[in-house]
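Secondary and tertiary structure notes
Chain by chain, the residues run as shown.
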Amino acid sequence: MMSYASWTRTRSTLRLMRQHGWRILATPRTLQGSRNKQAPYWADGSPAPYALDNGAWGCHTRGEPFDADHFRWALDKLGENADWVVIPDKVGDREATLESAEQWWPRLKGLRLLLPVQDGMVEGDVEPWLDKGAGLFVGGTTDWKMGSIRRWTTLARQHNAHCHVARINGAARIKTCSHFGVDSVDGKSIVLFPSTFHLLNNALRQRPLFGGTQ
């Protein structure tokens, strides 16, 4: 299972991430805050592998509307070489997220895309996007997300699609994701609290029990 963390300027954290195979989760906001507004890089200045989130969660937590212009700007700079790009969504809103996916798909088609999965979504909402070649970016509220991981990993495997779970910041949740066969996770914990790196990395590398895949 692959792990992504927010881009940090702490060189020691970047060195640990690179050494242990972590990747960067970039957003329009973190890209704009970078020194040269360029793609993520490691402590020595060499390019770092990354995925591109749409920034909707950050806008939501700041009480701001989604900034489509900043997302387009980041997409032009990073989209082509990203591991995957998260289709713009509306946090906590099933219908608005599906409508947003319809609107953005023509602009994003051709990239490796993940559809955000929100509270209340069911398999029938998601399968048309899997059939188009998208993967899943499991968001939503924490309780709903953690309680529905099995459903989404099972569906993703049936369609040979990538399944990512967002905002996984503790060892227990990492192990749960690994157990259910999640392909990748992200979190901010090692950026906010660098001392947690080895705890979380050990959980990430521990082989899952009871038939999970990694």
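Residues numbered from 1 in each chain as written. Predicted model: local features only at pLDDT ≥ 70, side-chain atom pairs only at ≥ 80, totals over all residues. Heavy atoms only, no water.

Applying the stated criterion to the full structure yields 8 salt bridges. Put simply, aspartate 44 and arginine 18 hold a salt bridge, and the shortest N to O gap is 2.9 Å. Here the residue aspartate 44 occupies a position in the loop between α2 (28-32) and β3 (50-52), and arginine 18 occupies one in helix α1 (residues 11-19), the gap between them amounting to 26 residues. A relative accessible area of 53% places aspartate 44 in the exposed class. (Salt bridge = Lys/Arg side-chain N within 4 Å of Asp/Glu carboxyl O. Helix = DSSP H or I, 4+ residues; strand = E, 2+ residues; numbered from the N terminus. Buried < 20%, exposed > 50% of the residue type's maximum accessible area, 1.4 Å probe, protein only.)

The next subject is α1. Given 3.6 residues to a turn, an α-helix orients residues that are three or four positions apart in the same direction. Burial in α1 covers these residues: Thr13, Leu14 and Met17. The buried side chains of α1 occupy one side of the element, clustering within an arc of 100 degrees when seen end-on. Looking at the buried side of α1, the elements it contacts are β1 (2-6), β2 (23-26), α9 (189-192) and α10 (197-205). Glycine 21 sits one or two residues past α1 and shows a positive phi near 85 degrees. (Arc of directions from axis to C-beta. Contact = heavy atoms within 4.5 Å.)

A regular strand places its side chains on the two faces of the sheet in alternate fashion. Counted residue by residue, β1 has 4 buried out of 5 residues, so it is predominantly covered. When β1 meets strand β8 (residues 184-187), the two strands line up parallel, connected through 4 bridges. In the sheet register, alanine 5 faces β8, and the bridge partner there is glycine 187. For the crossover from β1 across α1 to β2, the handedness is right-handed. (Pairing = 2+ DSSP bridges. Right-handed = clockwise from strand over helix to strand, strands pointing away.)

A few words on the packing of aromatic side chains. For the coordinates displayed, the defined rule picks out 8 aromatic pairs. For the pair tryptophan 7 and tyrosine 41, a centre-to-centre distance of 5.0 Å together with 85 degrees between the ring planes defines the contact as edge-to-face. Pair noted here: tryptophan 7 is in the loop between β1 and α1 and tyrosine 41 is in the loop between α2 and β3, with a separation of 34 residues, a long-range link. For the pair tryptophan 7 and tyrosine 41, one class covers both residues: buried. A centroid spacing of 5.2 Å and a plane angle of 80 degrees characterise the contact between phenylalanine 71 and tryptophan 104, whose relative ring orientation is edge-to-face. Taken as a pair, phenylalanine 71 in helix α4 (residues 68-78) and tryptophan 104 in helix α5 (residues 94-108) lie far apart in primary sequence, 33 residues in all. Overall, phenylalanine 71 belongs to the buried group, its relative accessible area being 0%. A connected cluster of aromatic rings, assembled from ring pairs, spans Tyr4, Trp84 and Phe137. Here lysine 132 stacks its cationic end above the ring of tryptophan 105, 5.2 Å away from the centre of that ring. A cation sits over an aromatic face here: lysine 132 above tryptophan 129, 4.1 Å from the ring centre. (Phe/Tyr/Trp six-rings, centres within 6.5 Å; stacked < 30°, edge-to-face > 60°. Lys NZ or Arg CZ within 6 Å of the ring centre and 35° of its normal.)

Considering the arrangement of structural elements, one finds glutamate 64 in the loop between α3 (56-61) and α4. With relative accessibility at 38%, the residue glutamate 64 sits in the partly exposed group. Sequence separation between glutamate 64 and glutamate 102 is 38 residues; the distance between their C-alpha atoms is 22 Å. Here arginine 62 takes part through its side chain, which lies 3.3 Å from a polar atom of the side chain of glutamate 64. (Polar contact = N/O pair within 3.5 Å; in protein donor to acceptor, adjacent residues only side chain to side chain.)

Positive phi outside glycine occurs at asparagine 160, with the angle close to 55 degrees. Residue position: asparagine 160 is located in the loop between α7 (142-158) and β7 (163-165). The phi dihedral of arginine 167 falls on the positive side, at around 55 degrees, and the residue is not glycine.

Let us look at the packing of helix α8 (residues 171-179) against α10. Axis separation between α8 and α10 bottoms out at 8 Å; the angle between their running directions is 15 degrees. By the criterion of interaxial angle, the relationship of α8 to α10 is roughly parallel. For the pair α8 and α10, the sense of crossing is right-handed. Residues Ala171, Ile174 and Lys175 of α8 form the contact with α10, whose participating residues are Leu199, Leu200, Ala203 and Leu204. When the residues that make up the contact of α8 with α10 are grouped by side-chain class, the tally is 6 nonpolar, no polar and 1 charged. (Axes fitted to C-alpha atoms, helices over the stretch in contact; angles between N-to-C directions. Parallel < 35°, antiparallel > 145°, perpendicular 65-115°, else oblique. Left-handed = near helix turned anticlockwise from the far one by under 90°. Nonpolar A, V, L, I, M, F, W, Y, C, P; charged D, E, K, R; others polar.)

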